[in-house]
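A look at the structure
As a plain string of letters, each chain reads:
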Protein chains: 2
Amino acid sequence: MAQQHLDPTDPRSGHVGPAPTGEALAGYLRTQATEFLRALRLHRETGAGAHGSEGSAEAARALRRSARRVSASLHTFQSLLDPDWCEAMRPELAWVSGTLAMEHAYTARLERLLTALHRLSGSTAFPAPTSAGVGAAAPPSKAGAPAQERGNLTVGAAKAGALLDRQLTLARTRAHSTALQALGSSRFHAIADKVAVLASEVPLARSATGTDLRPLATAAEDRLRDAVTTLPLVTAGSPYNAAALIHGLSPDTVPHPQDAPWHQVRLLLRLHRYAREAVSGPKGNAVVDLRLLSAGQALNRHRDASEAAAAAAQAARTPRIAPATAYALGVLHADQRHEVEAARFAFQQAWQKETVGAS
Amino acid sequence: MAQQHLDPTDPRSGHVGPAPTGEALAGYLRTQATEFLRALRLHRETGAGAHGSEGSAEAARALRRSARRVSASLHTFQSLLDPDWCEAMRPELAWVSGTLAMEHAYTARLERLLTALHRLSGSTAFPAPTSAGVGAAAPPSKAGAPAQERGNLTVGAAKAGALLDRQLTLARTRAHSTALQALGSSRFHAIADKVAVLASEVPLARSATGTDLRPLATAAEDRLRDAVTTLPLVTAGSPYNAAALIHGLSPDTVPHPQDAPWHQVRLLLRLHRYAREAVSGPKGNAVVDLRLLSAGQALNRHRDASEAAAAAAQAARTPRIAPATAYALGVLHADQRHEVEAARFAFQQAWQKETVGAS
């Protein structure tokens, strides 16, 4: 499987023409660095207010997106880059994308859980969730909107919704402050300066110029494929296997140990996808990319549902809640664990297609 | 679809040879009546003790089985039988099988819920569930066995298990007494006397002797097919559609309105299966019967999971329970609603096979 991707005549290598070398990598890194700086400028222009705007949320997403790609390239193609620079840069980029991701994660988690509560209550009046990223936070408490709809919920569901709203809005507000502090810190300015240098001058290792990128990209793909073989895909491909809810009532459900290999595959799939981009350019092979995207989306959904289920379980441990609230949170937890199971099924289906297509 | 089953040369009509007439129906009813009397005798021989035995449970099952078949035949082939006799007999047989079914239902429900709780707790120490029917009840409280395993459960799961054990064991004990009273009642003796007459002399209508049974059996099949067309089978056939848990937190979940058409199909499928038996004899067409059986088993599982989910929701309304107990019952409720969804998927798969096979 790995060898065939070394064949430059194989269209599935994502590359047609002469072998991509360090120069292609440098071009990819320059593009991503430029994108990072563009997003940063946009964010500063749009994100002046306390709660930001739609534009600044988009800017924050673009910032994370380019930071992830630069970071992934530093990981996959490390041997072609200046090792000291790589070692200094990678944790800084991880800090940026991790810090910026938190507010969005809490926002999305709350929306996911409130949407689920309304679905579970059979409410049809729930509006389509709105998304907000860093710098584009809605007012700290969203209690206004859910309160209006709470008339459609049972007491337990309404109280569970209010509890989750309180807890996740608090977490989101904190994440918002943390992200704003981070963006104004000298640490972040130092990173932005380094990215500005990267946009014009990529610190390639001496050997990089004539070196084929593809063996390194293939190694990233192999790490993904190896990790996928450790997943219980036969179980996942059998609908209603009830595997995700096993241990659903065991004391150590946060984080759920059985989810870890799936989270790992999610990260490796992302590294593989970005390595393909670096090798072939973003429009290299749209068909296979679409498959990778749908597999990746299933794993994103897996991660989101896993964390939402954990948040419901966590909320149920709040002291002095009413039994009806705890009951609703139990139903919600199980619902999200079934979403985890559904996401694994979706990944299995997407991955199977990919394997069939590539063999 | 219906018409093709009228063709006597079609092996799928379940009959080969001359058309089955009222005589075949009389033979079927005599066989079932004889089976009823045999089971009753066995039950009296084995069920003397307070808690009965494995043999008396088997006898009770056989009693219900033959009562259901006689009752179904009276329904489907009513026009071939003495109308007054039919009208007097059917509610009596329904009372017998309904009364005898309750204890078994509570036993099975408790086992299903405790098994699920152990699965949800990740406990591997749970023994295979044992079944007990009427007259073969375990000692009224099974608290002994679960208590030993409760060490593997969280506090919430253990308390939820204890609560369900208490509530369903009480219900089962009452059902056991009711069944014993019923079997000793003059009402039951009158029914047994009528069945004894039926074993030798079936009150056929005058027209029955030369009348083909198959149009009536086909009508039963048509009623089933019509009812199936009202089911949301496209949704059911799409895994993880999350339909069964909609309204899972709405106040009127017991009984769940969306389950009713499935329960109705379950009854019609049974009527169809028994009508086939009467027409073709119990070994008439093993292949199609196997398909019907698997569709029927899916609907049994649907019914069981639906009622177990309702029992968990009901238990959660017990006053003054701890939040951890309520949370575990919420998880359990959602788990059983997903079992409902899984059973619908299984029915859709079985039914699809059947339709493909019959077309």
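To be clear, the structure that these remarks concern was listed above.
Reference entry: report on the structure contained in this document. (Residues numbered from 1 in each chain as written. Chains lettered and ligands numbered in written order. Predicted model: local features only at pLDDT ≥ 70, side-chain atom pairs only at ≥ 80, totals over all residues. Heavy atoms only, no water.)

On to the packing of aromatic side chains. Two aromatic rings, taken as a pair, are described by how far apart their centres are and by the angle between their planes. Across all of its chains, the model carries nine aromatic pairs over all chains by this definition. We note A:Arg187 situated over the ring of A:Trp95; from NZ or CZ to the ring centre the distance is 4.1 Å. (Phe/Tyr/Trp six-rings, centres within 6.5 Å; stacked < 30°, edge-to-face > 60°. Lys NZ or Arg CZ within 6 Å of the ring centre and 35° of its normal.)

When chain B is fitted to chain A, the residual RMSD is 0.0 Å, and the transformation amounts to a turn of 180° plus an axial shift of 0.0 Å. Those values place the two copies in the arrangement expected of a two-fold rotation axis. Taken as a fraction of all interface residues of chain B, those also at the interface in chain A reach 100%, which identifies the copy contact as same-surface. (Least-squares fit on C-alpha atoms with pLDDT ≥ 70 in both. Contact = heavy atoms within 4.5 Å.)

Looking now at the interface of chain B and chain A. Between chain B and chain A, the contact holds 36 residues from the first and 36 residues from the second. In total, chain B and chain A occlude about 3000 Å² of area from one another, counting both sides; carbon and sulfur atoms represent 72% of this. Between the two partners, chain B and chain A, sit zero salt bridges. Seen at the junction of chain B and chain A, the total is seven residue pairs in polar contact (both at pLDDT 80 or more). Of all the elements in the fold, those that place two or more residues in the side of chain B that touches chain A are helix H3 (83–120), helix H10 (286–316) and helix H11 (323–358) of chain B. The greatest single-element share of the side of chain B that touches chain A, amounting to 14 residues, is contributed by H11(B). (Buried area = accessible area lost by both parts, 1.4 Å probe. Salt bridge = Lys/Arg side-chain N within 4 Å of Asp/Glu carboxyl O. Polar contact = N/O pair within 3.5 Å; in protein donor to acceptor, adjacent residues only side chain to side chain. Helix = DSSP H or I, 4+ residues; strand = E, 2+ residues; numbered from the N terminus.)

In this section: unusual backbone geometry. Its identity as a non-glycine residue notwithstanding, A:Arg320 has a phi of 60°, on the positive side. Tracing the backbone through its elements, the reader meets A:Arg320 in the loop between helix H10 (286–316) and helix H11 (323–358). The exposed category is assigned to A:Arg320, whose relative accessible area is 81%. In this structure, B:Tyr240 takes a positive phi of about 60° despite not being glycine. Assignment of secondary structure puts B:Tyr240 in the loop between helix H8 (233–236) and helix H9 (260–280). (Buried < 20%, exposed > 50% of the residue type's maximum accessible area, 1.4 Å probe, protein only.)

All right, on to the nonpolar core then. One finds A:Leu329, A:Leu332, B:Leu329 and B:Leu332 to be the most contacted residues of the largest nonpolar core, which totals 60 residues. Where this core is concerned, the elements lending two or more residues are helix H3 (83–120), helix H5 (155–184), H10 and H11 of chain A together with H3, helix H5 (155–184), H10 and H11 of chain B. Once residues lying within four places of it in the same chain are set aside, the contact partners of A:Leu329 are A:Ala160, A:Leu163, A:Leu164, A:Ala312, A:Ala315, A:Ala316, A:Ile321 and B:Tyr327. Among the nonpolar cores identified, the runner-up in size contains 59 residues, and A:Ala39, A:Val195, A:Ala199 and A:Val265 belong to it. (Core = buried A, V, L, I, M, F, W, Y, C linked by side-chain atoms within 4.5 Å.)

For the rest of this paragraph, the subject is the packing of helix H1 (residues 22–46) of chain A against helix H6 (residues 186–198) of chain A. All names here are of chain A. H6 packs onto H1 with a crossing angle of 135° between their chain directions and a minimal axis gap of 8 Å. In this view, H1 runs oblique relative to H6, as classed from their interaxial angle. As H1 runs across H6, the sense of the crossing is left-handed. Every residue of H6 that contacts H1 at Leu29, Arg30, Ala33, Phe36, Leu37, Leu40 and Arg44 is listed here: Phe188, His189, Ala192, Val195, Ala196 and Leu198. Among the residues making up the contact of H1 with H6, the classes are represented as ten nonpolar, one polar and two charged. (Axes fitted to C-alpha atoms, helices over the stretch in contact; angles between N-to-C directions. Parallel < 35°, antiparallel > 145°, perpendicular 65-115°, else oblique. Left-handed = near helix turned anticlockwise from the far one by under 90°. Nonpolar A, V, L, I, M, F, W, Y, C, P; charged D, E, K, R; others polar.)

Another point: H3(B). Residues and elements named next belong to chain B. With 38 residues, H3 should reach 56 Å at 1.5 Å per residue; the first-to-last C-alpha distance of 52 Å fits that figure. In the structure, H3 departs most strongly from a straight axis at Met102, where the bend amounts to approximately 30°. Capping the start of H3, Asp82 holds a side-chain oxygen 3.0 Å from the backbone nitrogen of Asp84, two or three residues further along. Positive phi shows up at Gly122, right after H3, with a value of about 70°. (Expected span 1.5 Å × (residues − 1). Bend = angle between axes of the 7 residues up to and from the residue.)

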